[in-house]
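# What the coordinates show
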Amino acid sequence: MKPTVAPFPTTRLRRMRQSPALRRLARQNTLSVDDLIWPVFVMDGKDDETPVASMPGVTRKTVNRVVKAAKEAHDLGIPAICIFPYTGMEARTEDCALAWSPDNISNQAIRAIKNAVPEIAVMTDIALDPYNINGHDGFVEDGQIVNDRTVDALVKMALAQAEAGADILGPSDMMDGRIGAIRAALESDGHQNVTILSYTAKYASSFYGPFRDAVGASSALTGDKNTYQMDPGNSDEALRLVERDLSEGADMVMVKPGMPYLDICRRVKDSFGVPTYAYQVSGEYAMVQAAAQNGWLDHDKVMLESLLCFKRAGCDGVLTYFAPAAARLLNG
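The following paragraphs examine the structure supplied in this document. (Residues numbered from 1 in each chain as written. Predicted model: local features only at pLDDT ≥ 70, side-chain atom pairs only at ≥ 80, totals over all residues. Heavy atoms only, no water.)

### Digging into the overall build of the protein chain
Spelled out, the test is: The numbering of helices and of strands both runs from the N terminus, where a helix is a DSSP run of H or I of at least 4 residues and a strand a run of E of at least 2. A 1.4 Å probe rolled over the protein chains alone gives each residue an accessible area, and that area as a share of the maximum for its type sets the label: buried under 20%, exposed over 50%, partly exposed in between. Here, two residues are considered to be in contact whenever any of their heavy atoms come within 4.5 Å of each other. Here the accessible surface of atoms and residues is derived via Shrake-Rupley with a 1.4 Å probe, and residues count as covered only by protein chains that are part of the display. The charged-residue count follows a simple rule in which Lys and Arg add positive charge and Asp and Glu add negative charge, with His and chain termini not counted at all. Here the site of a charge means atom NZ of a Lys, CZ of an Arg, CG of an Asp or CD of a Glu.
A tally of regular secondary structure across the protein chain gives 11 helices and 12 strands. Across its three principal axes, the protein chain shows a C-alpha extent of roughly 70 × 45 × 40 Å. In the protein chain, buried positions account for 52% of the 332 residues. Restricting the contact set of the protein chain to residue pairs at least 6 apart, pairs at least 24 apart contribute 75%. As displayed, the protein chain offers around 15,100 Å² of accessible surface, 50% of which is attributable to carbon and sulfur atoms. Here the protein chain contributes 34 positively and 42 negatively charged side chains, and the mean placements of these two sets differ by 11 Å.

### Concerning the packing of aromatic side chains
Short version of the rule: Any two rings among Phe, Tyr and Trp, with Trp reduced to its six-membered ring, count as a pair given centres within 6.5 Å; such a pair is stacked if its planes are under 30 degrees apart, edge-to-face if over 60, and tilted if neither. A positively charged side chain is recorded as over a ring if its NZ (Lys) or CZ (Arg) lies within 6 Å of the ring centre. The angle to the ring normal must also be within 35 degrees.
Scanning the entire structure with this criterion turns up 10 aromatic pairs. Ring geometry for Phe84 versus Phe211: centroids 5.1 Å apart, planes at 85°, classification edge-to-face. Here Phe84, found in strand β4 (residues 80-85), pairs with Phe211, found in helix α6 (residues 209-214); they are 127 residues apart in sequence, far enough to count as distant. Taken individually, Phe84 and Phe211 each receive the classification buried, so the pair is uniform in this respect. By the ring-pair criterion, three or more aromatic residues cluster together here, those being Phe41, Phe84, Tyr199, Phe211, Tyr279, Tyr285, Tyr321 and Phe322. A cation sits over an aromatic face here: Arg60 above Tyr86, 4.2 Å from the ring centre.

### Re the pairing of strand β9 (residues 195-202)
What counts, and what does not: Two strands are counted as paired when DSSP detects at least two bridges linking them. Throughout, right-handed denotes a crossover for which the path from the first strand over the helix to the second runs clockwise when the strands point away from the viewer.
Extensive coverage of β9 is indicated by the burial of seven of its eight residues. Of the pairings in the sheet, the one linking strand β8 (residues 168-169) to β9 comprises two bridges and is parallel in character. Bridge pairing links Leu169 to Ile196 in β9. Chirality of the crossover, the property in question, places the unit of β8, helix α5 (residues 178-188) and β9 among those that are right-handed. Relative to strand β10 (residues 252-256), β9 is paired through five bridges, and the arrangement is parallel. Following the sheet pairing, Ala201 is matched in β10 by Val255.

### Notes on helix α4 (residues 148-164)
Going by this rule: Multiplying 1.5 Å by the residue count of a helix minus one yields the expected span of that helix.
A rise of 1.5 Å per residue sets the reference length of α4, with its 17 residues, at 24 Å; its end C-alpha atoms lie 25 Å apart and thus fit the reference within 8%. The first or second residue beyond α4 is Gly165, which carries a positive phi of 115°.

### Observations concerning the pattern of salt bridges
Going by this rule: Definition used for salt bridges: Asp or Glu carboxyl oxygen within 4 Å of a side-chain nitrogen of Lys or Arg.
Scanning all chains against the criterion turns up 19 salt bridges. The shortest N-O distance in the salt bridge between Asp245 and Arg178 comes to 3.4 Å. Of this pair, Asp245 sits in helix α7 (residues 236-248) while Arg178 sits in helix α5, and the two are 67 residues apart along the sequence. The salt bridge involving Arg267 is made with Asp236; its shortest N-O contact spans 2.8 Å. Here the residue Arg267 occupies a position in helix α8 (residues 262-272), and Asp236 occupies one in helix α7, the gap between them amounting to 31 residues. Residue Arg267 is classed as partly exposed on the basis of its relative accessible area of 30%.

### Brief notes about the packing of helix α10 (residues 299-312) against helix α11 (residues 323-330)
Packed helices, taken two at a time, are described by their axes: the angle between them and the distance between them. The cut-off we apply is this: Interaxial angles span 0 to 180 degrees and are taken between N-to-C directions of axes, which are lines fitted to C-alpha atoms, for helices over the stretch in contact. We call two directions roughly parallel when the angle between them is under 35 degrees, roughly antiparallel when it is over 145, roughly perpendicular when it lies between 65 and 115, and oblique otherwise. Note on residue classes: Ala, Val, Leu, Ile, Met, Phe, Trp, Tyr, Cys and Pro are nonpolar, Asp, Glu, Lys and Arg are charged, and everything else, Gly too, is polar.
Interaxial distance between α10 and α11 falls to 11 Å at its minimum, and their mutual angle equals 100°. Of the possible angle classes, the one that applies to α10 and α11 is roughly perpendicular. On the side of α10, the interface is formed by Asp300, Met303, Leu304 and Leu307, while α11 contributes Ala325, Ala326, Leu329 and Leu330. When grouped by side-chain class, the residues that make up the contact of α10 with α11 number seven nonpolar, no polar and one charged.

### Regarding the nonpolar core
Side chains of a nonpolar character, in soluble globular proteins, are inclined to be buried together. The line we're drawing: Residues enter a nonpolar core if they are buried and are Ala, Val, Leu, Ile, Met, Phe, Trp, Tyr or Cys, with the set joined through side-chain atoms within 4.5 Å.
Counting 104 residues, the largest nonpolar core has Phe41, Ile81, Ile113, Met123 and Tyr279 as its most contacted members. It is α4 that provides the largest number of residues to this core, a total of eight residues.

### Side note on the packing of helix α3 (residues 105-116) against α4
This is how it is decided: Crossing handedness follows the turn of the near helix against the far one: under a right angle anticlockwise gives a left-handed crossing, and clockwise gives a right-handed one.
Relative to each other, α3 and α4 sit at 25°, their axes nearing to 8 Å. Viewed along their axes, α3 and α4 adopt a mutual orientation that is roughly parallel. The handedness of the crossing between α3 and α4 comes out as right-handed. Of the residues in α4, those touching α3 at Asn107, Ile110 and Arg111 are Ala160, Gln161 and Ala164.

### Observations concerning the environment of Asp245
Keep this limit in mind: Pairs of N or O atoms within 3.5 Å make up the polar contacts considered here, provided that, within protein, one atom can donate a hydrogen while the other can accept it, and that residues adjacent in sequence are counted only when both atoms are side-chain atoms.
Taking the relative accessible area as the measure of exposure, Asp245 reaches 0% and is therefore buried. Expressed as a C-alpha distance, the spacing of Asp245 and Ser198, which sit 47 residues apart in the sequence, is 7.3 Å. For Asp245, the side chain forms a polar contact with the side chain of Arg244, separated by 3.2 Å.

Right under this line is the structure:
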């Protein structure tokens, strides 16, 4: 039903913008620390961290430093932290067996965080690209990224992460059928309470470059990911993917990237009403940081505005590298 607005001057829409108090009363969407998930990169080594050149302010951290980051996040009120592994080329293989090893760096980090900061939720990434010599999210056979064999591997990866203590599994691979297979395995293996936040509408985007630097995948990747990630020109397909993943057992869904796909966030939330998240990806983060460092944008104001737009688009939360900086501002 279209609202009726009286003509000017009876209606003066500026009245509700006249003071901070009135603007706060009329504000439809607000951003809080509860909306943030902080992605962090973990690497082998002892008590060390190295900067990611294409992501100013972001570092790869050894497990003990990731634990310190988790403590920082908890102290700031951030409810969840998401683990991504950095794997050198020397550790990558065709069979990707390290992906489901109980002792890989991700699973070490999960256990260490849950031991030190049990209150914080630990989210993981499920895809083969950090372990694949070809840099792809799935196995490559005769130049093709194969689906069903990859799903079998993703199930093993999911079970290893659940056993390590992960609270939220994040399948980011975009293989068909992986949510149902992972959910069935979790149920049968006694991990009924582990949550799945599916990267449901993950687009074949050019905004991922700095992330691939961070996880060591830039030099490994052969070809592109267009046969399994979504075409940026499509939106109806995203709704079909959400419907499928929910029917297979996903608890939450994600749109990735974030700001270039706010229309998808809105359509997903309006169509399904389920917990909906966006990933403010590395390219989005790097652009804001670069512009701010050049004095072209006000860093803090643009950061908070960029995060608020996700709430306006219907998101319940956002994965963002800005999480600790945003939390400090939101906490005053």
